[in-house]
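One-letter residues, chain by chain:
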Amino acid sequence: MTPAIELTRLRKQYGRRTAVDSLDLRIEPGTVFGLIGPNGAGKTTTLRMILDIIRPTAGAIRVLGEDPRRGGPALRRRIGFIPGELRLDGRVTGRRMLDFYATVSGPVAAGAIDGLAERLDLDLSRPVHALSKGNKQKLGIVQAFMHEPPLLVLDEPTSGLDPLVQREFLRLVTDARDRGQTVLLSSHVLSEIQQTADTVAVLSQGKVVAEGDVASLRLGAIRRVRVGIAASSAEEIGAQLGALPHVSELDVRGAADVVRVSATVEGDIDPLVKVLARHRVIDLAIEEPDLEESVLKLYGEPSRPEAGERDA
Ligand code: ATP
């Protein structure tokens, strides 16, 4: 089957800086593909080349079987795009703006705009310039999805959205996939990619450092754990946790009658839970570390401390 997107040795150079470096990617139709990476990894540059907003220094791009440099408006209409930095302004209402976009993008099914606005809790009667950042982002989402294009290219689409709307947005993505649309989604937030993407590529410094299905990448394998334990000895807890494999960056402090623990766990969390269960746990938070940290830990940057190192 023709891939929805195929990038071959794609490169973008800004002066001496290589923003995208010999990138090879193949995105199968009807799938959600997540492009993740820390700030400056080259995600936006890659997506802009796919849309032919900027041109590559070298390499080849095929989008829906065509060369985006030659596809023109006909190809553009088959792509729904949310740019990373969405700037919307104007005195017109959201509805008028979307009606205008509909004349450009091609037919929009009756009720599609209202249905999307309702799901995202967006008021279409307000002038665009008066909308908050999050509401402008919702307008951008409706604009990209309303004509059900075969391909959606979404650059950091959830920025500015509150968690409930983010969740609804991720449902829109999986609904689109279930209808057979292809979605390319960039993010520096691991959890939203993990929830939706079938395949993930991790970009770092313009290169793919890992690619595969979400589970096999083990990206969720690193977690930061913060625990409050009532009336125990900090030394005892420190010794018990320090003896566990996969626990690093352990910090144990006793204050008043609470011992506060923070640690990074890579891999199986069960041994840590079993140790904690010997004590009275009064609060517990398991957080996702920032993406940069997990990418660098898992896919290596030798100058950074290794996961096995302990600082306690
Ligand atoms: P972010 O999440 O911060 O947007 P990103 O992964 O989208 O990051 P890009 O915006 O693609 O990263 O940037 C990749 C690299 O290319 C960065 O080092 C950036 O400084 C550089 N870069 C991007 N656009 C330009 C430009 N127009 N001129 C010079 N350098 C640029």
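Sequence order sets the numbering: in each chain, residues are counted from 1 along the sequence as written. Only residues with pLDDT of at least 70 get local features here, since the model is predicted, and only at 80 or more are side-chain atom pairs given and counted; chain-wide, interface and lining totals rely on the full set of residues. Calculation of side-chain values draws on the structure's entire complement of heavy atoms; hydrogens and water are dropped beforehand.

## Some details on the pairing of strand β12 (residues 258-266)
Burial here depends on accessible area, computed with a 1.4 Å probe over protein chains only, as a share of the maximum for the residue type. Under 20% is buried, over 50% is exposed, and the range in between is partly exposed. A helix here means a DSSP run of H or I that spans at least four residues, while a strand means a run of E at least two residues long, and both kinds are numbered starting from the N terminus. Across the 9 residues of β12, 7 count as buried, placing the element largely inside the fold. The sheet contact formed by strand β10 (residues 222-230) and β12 spans 9 bridges and is antiparallel. Pairing of Ile229 across the sheet is with Val259, part of β12. Bridge count between strand β11 (residues 247-255) and β12: 7 bridges; the pairing is antiparallel. Note that in β12 the partner of Gly254 across the bridge is Val259. Counted between consecutive antiparallel strands, the loop separating β11 from β12 contains 2 residues, among which Ala256 sits at a positive phi close to 50 degrees. Strands pair, by our definition, only if DSSP identifies at least two bridges between them.

## Considerations on the packing of aromatic side chains
Centre distance within 6.5 Å is the pairing criterion for rings of Phe, Tyr and Trp, where only the six-membered ring of Trp is used; planes under 30 degrees apart are then read as stacked, over 60 as edge-to-face, and the remainder as tilted. All chains considered together, the criterion is met by 2 aromatic pairs. Consider the rings of Phe100 and Tyr101, whose centres lie 5.9 Å apart with planes at 50 degrees: the pair is tilted.

## Overview of the nonpolar core
Where a protein is soluble and globular, its nonpolar side chains tend to be buried together. Nonpolar core, defined: a set of buried Ala, Val, Leu, Ile, Met, Phe, Trp, Tyr and Cys residues in which side-chain atoms within 4.5 Å join the residues together. Of all hydrophobic cores here, the largest spans 39 residues; its most connected members are Leu139, Ile141, Val142, Phe145, Leu154, Phe169 and Val183. Here this core gets 6 residues from one element, more than from any other, and that element is helix α6 (residues 163-178). Two residues qualify as a contact provided that any one of their heavy atoms is within 4.5 Å of a heavy atom in the partner residue. Setting aside anything within four residues of it in sequence, one finds Leu139 in contact with Leu88, Gly94, Met97, Leu98, Leu122, Leu124, Val128 and Leu131. Formed by 26 residues, the second largest nonpolar core is a distinct cluster that contains Phe33, Leu47, Ile61 and Val153.

## Considering the pairing of strand β7 (residues 182-187)
The buried fraction of β7 amounts to 6 of the 6 residues, a majority that puts the element mostly inside the structure. Of the two faces of β7, both are covered, the one formed by Thr182, Leu184 and Ser186 as well as the one formed by Val183, Leu185 and Ser187. Here 5 bridges tie strand β3 (residues 32-36) to β7, and the two strands are oriented parallel to one another. Looking at the pairing, Val32 lines up with Val183 of β7. When strand β6 (residues 151-155) meets β7, the two strands line up parallel, connected through 5 bridges. Following the sheet pairing, Leu154 is matched in β7 by Leu185. Call a crossover right-handed when, viewed with both strands pointing away from you, the route from the first strand across the helix to the second goes clockwise. Taking the sense of rotation as the criterion, the β-α-β connection linking β6, α6 and β7 turns out right-handed.

## Digging into helix α4 (residues 112-120)
Every α-helical turn comprises 3.6 residues, leaving residues that sit three or four positions apart pointing alike. Within α4, burial applies to Ile113, Leu116, Ala117 and Leu120. Buried residues of α4 fall within an arc of 100 degrees about the axis and therefore sit on the same side. Buried residues in α4 make contact with α3 (94-105), α5 (133-145) and α6. In the segment just after α4, Asp121 is the residue with positive phi, at about 60 degrees. This arc describes the spread of directions from the helix axis toward the C-beta atoms.

## Concerning the domain arrangement of the protein
An automatic or database domain assignment supplies the start and end points of every domain. If you check the domain split of the protein, you get domain 1 (5-217) and domain 2 (222-287). Inter-centroid distance (C-alpha atoms) of domain 1 to domain 2 is 40 Å.

## Digging into the packing of α4 against α6
α6 packs onto α4 with a crossing angle of 140 degrees between their chain directions and a minimal axis gap of 9 Å. With respect to α6, the element α4 is oriented oblique. Residues Leu116, Arg119 and Leu120 of α4 form the contact with α6, whose participating residues are Val165, Glu168, Phe169, Arg171, Leu172 and Asp175. Note that Gly is not counted as nonpolar here; it falls among the polar residues with everything else outside the nonpolar set of Ala, Val, Leu, Ile, Met, Phe, Trp, Tyr, Cys and Pro and the charged set of Asp, Glu, Lys and Arg. For the contact of α4 with α6, a count of residues per class yields 5 nonpolar, no polar and 4 charged. Note on method: axes are straight lines fitted to C-alpha atoms, helices fitted across the in-contact stretch only, with angles between N-to-C directions ranging 0 to 180 degrees. Orientation labels follow simple angle bins: below 35 degrees gives roughly parallel, above 145 gives roughly antiparallel, 65 to 115 gives roughly perpendicular, and whatever is left gives oblique.

## Side note on the sheet that holds strand β13 (residues 281-287)
What the 4 strands build is an open sheet, ordered β11-β12-β10-β13; its pairing is antiparallel. The two strands at the open ends of the sheet, each matched to only one other strand, are β11 and β13. In this sheet, neighbouring strand axes are inclined to one another by 10 degrees on average, regardless of whether the strands run parallel or antiparallel. Strands β10, β11 and β12 of the sheet are contacted by helix α8 (residues 234-242), whose axis makes an angle of about 170 degrees with β11.

## Quick look at the sheet that holds strand β1 (residues 5-14)
In space, the 3 strands of this open sheet follow the order β2-β1-β4, with antiparallel pairing throughout. Each edge of the open sheet is held by one strand with a lone partner, namely β2 (17-27) and β4 (58-63). Direction aside, the axes of adjacent strands within the sheet are offset by 20 degrees on average. Judged from the 7 bridges that link them, β1 and β2 form a sheet pairing that is antiparallel. Looking across to β2, one finds that Lys12 is bridged to Val20. Against the sheet, helix α1 (residues 43-50) contacts β1, β2 and β4, and its axis sits at roughly 120 degrees relative to β1.

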